[in-house]
Amino acid sequence: MNTLFYGDNLTIMRKMPAESVDLIYLDPPFNSNRSYNLLYKNTTGLPIPEQIEAFCDTWELDYEKSEMAKDIPLIMHDYGIHHEVVQFWYYLVQALKTTNPRLLAYLVYMTIRLIEMHRLLKPTGSLYLHCDPTASHYLKIVMDSVFGPKHIRNEIIWHYKRYTARSGQFQKLHDVLFWYSKTNTYVFNDIREAYGAKSGIHDSHYKQDENGKWFRWQKRKGAEPYKIYLSEGRRMGDVWEIPFINASSKERLGYPTQKPLALLERIIQASSKENDLVFDPFCGCGTTIEAAIKNHRQWIGCDIAIHSIKLIQTTRIQKYGFTEHVEYRIEGIPQSPEQAQYLFEQDPFQFQYWAVEKTGGFCSHKKTGDKGIDGRLYFETGTALCSMVLSVKGGTIKPADIRDLRGVLEREKGTELAGFICLKEPTKAMKQEADAAGVYVYQGLSYPRIQILTIQDIFNGKTWYCPSMVKTLRKDTGQTFLAL
Ligand SMILES: C[S@@+](CC[C@H](N)C(=O)[O-])C[C@H]1O[C@@H](n2cnc3c(N)ncnc32)[C@H](O)[C@@H]1O
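Along every chain, residues carry numbers that run from 1 in the direction the sequence is written. Only residues with pLDDT of at least 70 are given local features in this predicted model, and only at 80 or more are side-chain atom pairs given and counted; all residues enter the totals for whole chains, interfaces and linings.

Section: the overall build of the chain
For the record, the criterion: Strands here are runs of E lasting at least two residues and helices are runs of H or I lasting at least four, both read from the DSSP assignment and numbered beginning at the N terminus. Partly exposed residues are those falling between the two cut-offs: more than 12 but fewer than 20 other C-beta atoms within 10 Å of their own, whereas 20 or more means buried and 12 or fewer means exposed, with C-beta atoms placed from the backbone.
Looking only at helices and strands, the chain features 13 helices and 25 strands. Out of the 484 residues in the chain, the part that is buried amounts to 35%.

Considerations on the sheet that holds strand S12 (residues 226–229)
For clarity, the cut-off: Any two strands between which DSSP finds at least two bridges are classified as paired.
Spatially, the 3 strands line up as an open sheet ordered S10-S11-S12, and their pairing is antiparallel. Each having just a single partner strand, strand S10 (207–208) and S12 make up the two edges of the open sheet. Examined bridge by bridge, S10 and strand S11 (residues 214–218) share 2 bridges and lie antiparallel to one another. Directly across from Gln-208, in S11, lies its bridge partner Trp-214.

Section: helix H6 (residues 261–271)
To keep it simple, the criterion reads: By definition, the arc is the one covered by directions from the helix axis to the C-beta atoms. Throughout, a residue-residue contact means that the two C-beta atoms, derived from backbone geometry, are no farther apart than 7 Å.
Among all positions of H6, only Leu-263, Leu-264, Ile-267, Ile-268 and Ser-271 are buried. Here the buried residues of H6 occupy an arc of 125° about the axis, which is enough to place them on one side. Summarising the contacts, the buried residues of H6 are in contact with strand S2 (21–26), strand S6 (121–131), strand S7 (152–159), strand S15 (277–280) and helix H7 (287–294).

Description of the sheet that holds strand S14 (residues 239–241)
Note the following rule: Axis lines are fitted to C-alpha atoms, over the contacting stretch for helices. Their N-to-C directions set the angle, which ranges from 0 to 180 degrees.
The mixed open sheet is built from 9 strands, whose spatial order is S14-S7-S8-S6-S2-S15-S16-S1-S17. Unpaired on one side and paired on the other, S14 and strand S17 (328–331) mark the two borders of the sheet. Pairwise comparison of adjacent strand axes, ignoring direction, gives a mean angle of 15° for this sheet. Both strand S1 (residues 2–6) and strand S16 (residues 298–303) contribute to a ladder of 4 bridges, which runs parallel. Paired with Thr-3 across the strands is Ile-300, a residue of S16. Of the strands in this sheet, S2, S6, S7, S14 and S15 touch H6, which is tilted by about 155° from S2. With respect to the sheet, H7 is in contact with S2, S15 and S16, its orientation differing from that of S16 by roughly 170°.

Here it is as C-alpha cells:
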C-alpha cells in the first residue's frame, strides 16, 4: 500500500525487500553546511529564539561517523563492489579524513544509503540523485562505485532563474541530477518538449501539409524519407528549464528546499510506467508523492521530520481525497505507549523528537551538546517570552535526572519551568525531587517548576501546566502549528 514512513530512511530501507522498487528519486541534504528552519512567528510578535528546525545539513566527522568511514571499504566489498574500487575508497577515506573531514562525514552518510537504494531497485529500475555542485563530483564517484560507471544514463542540469546575492563569482543557477539505471534494461519513455511558438515558420526546412500542419522531411541512410511534425515536439535534452519555487509560486508550501512538481512529473513520466512503485527516501514536503499520485503510480515516502509527514498528509494527499488505511498508511508515528517504546528501542533520537513535538514543544535537533535540553515550549508573560525546557528519557530513570533538570533551570535565563518526559513510571523519590523545585507564580497562579509526564499520561491527554502557550503560525499561510 502507498506508505509514508516517519523515521531515518536507513532503518526503514533495511527492512524493505530487495528488488521491490521501480524508481527512486532522492533529494538529500546537499552538504550545504546550514540548517533549514520552518519559518514560524508567534502571536506575541516576539521572536521564538529556537525555531523549529526542518532539518539540519551540517556535518561533523564525530566518533560514530569516523568509525563508519573506516568500514566503508568493507561495506562496499561485502556488497560485491569491485576490489579495485574498494581499494580506491580505502585511500580516499584516508585522504578526506585529514583534508576534508566534513565532506567525508557526508559521503559516509550518503554511501551507506545509496547501497541500500541500489539493493531495493528492481533490475529494470532507475535512480535519480538530486544534488548540487557542492558535492556532486564526489557523489558521482559514489554512484559510479555502487551502480557501475556504465549505468549512468544522464547527468541532468536543472537550470532555473533566481536572484543570488553573492558577488565575485557567477550566479549559481543550476542543480545536478544523476540518472542511473540498475542494469542496461530499463524503462525510458521518450517524452517530448514543445518547440518554441515561432519554430517552423521561420525555419526553411519546414513546410505546411494540406492541413496546414508544419513538418519537415527526415532522411535516413537506406530508408525512405519520412515526415516529422513540429507538433510532435522535440526530444528532451539534458538541460531542463523549470521555474524555481519562490515566494510567489502558487505551489509553494513554505517547506525549505521544496522542488517543483513539474520536475518530479518529468522524472516519473520518463522513467516509470503506470502502477509502478516510486520511492522517495527524503521526501520533504512530498513533491514526489504528489507527482506519483497525479501520474497514477504507487508510492512510498520517508522523512525524518514529523512535520514533513503531517504536511504531506494535510496538503498533498488530502487534495486527492485519499483515505488513510484505505489508499495509504502512515508508519512510525506511535499510536500507543507500546509503539512509543518500540520507537525508542529502534531510534532513541526519533523517540525524543516525537515526544517533544507531541507535547507542543520545539525540538533541539542537536544529538550532542544539548546540555540535557531536548526541546522547549514557549509561553507569554506580559512583554517577555519565557520557555519551559523539556527533557526526554526513554530508558532507565532516576532522581539524579530530576536534579540535573533543576540545574538546567537555574542555569538557563528566561526559563521558569522544566518538563520531564519518560516511558517508565517515576519513582516516589523522583516526584519528591521535582516537588522540591518549588513553584513559579504568574498572575496569582502557581505552576510546579518541574513537572513529569509519562508517555502513558500523554496518551491519556495530560499536558503541561503552564501559562498560555504561544501559538505558532506559519508566516506565509497563517496556518496553525500542525497538531500531531
Ligand atoms: C532537501 S529536503 C527534500 C525536499 C523535497 N524534495 C521536496 O520537494 O519537498 C531533504 C529532506 O530529507 C529529510 N531527511 C534528512 N535526513 C533524513 C534521513 N536520514 N531519513 C529520512 N529523511 C531525512 C529532511 O527532513 C528533509 O525533509
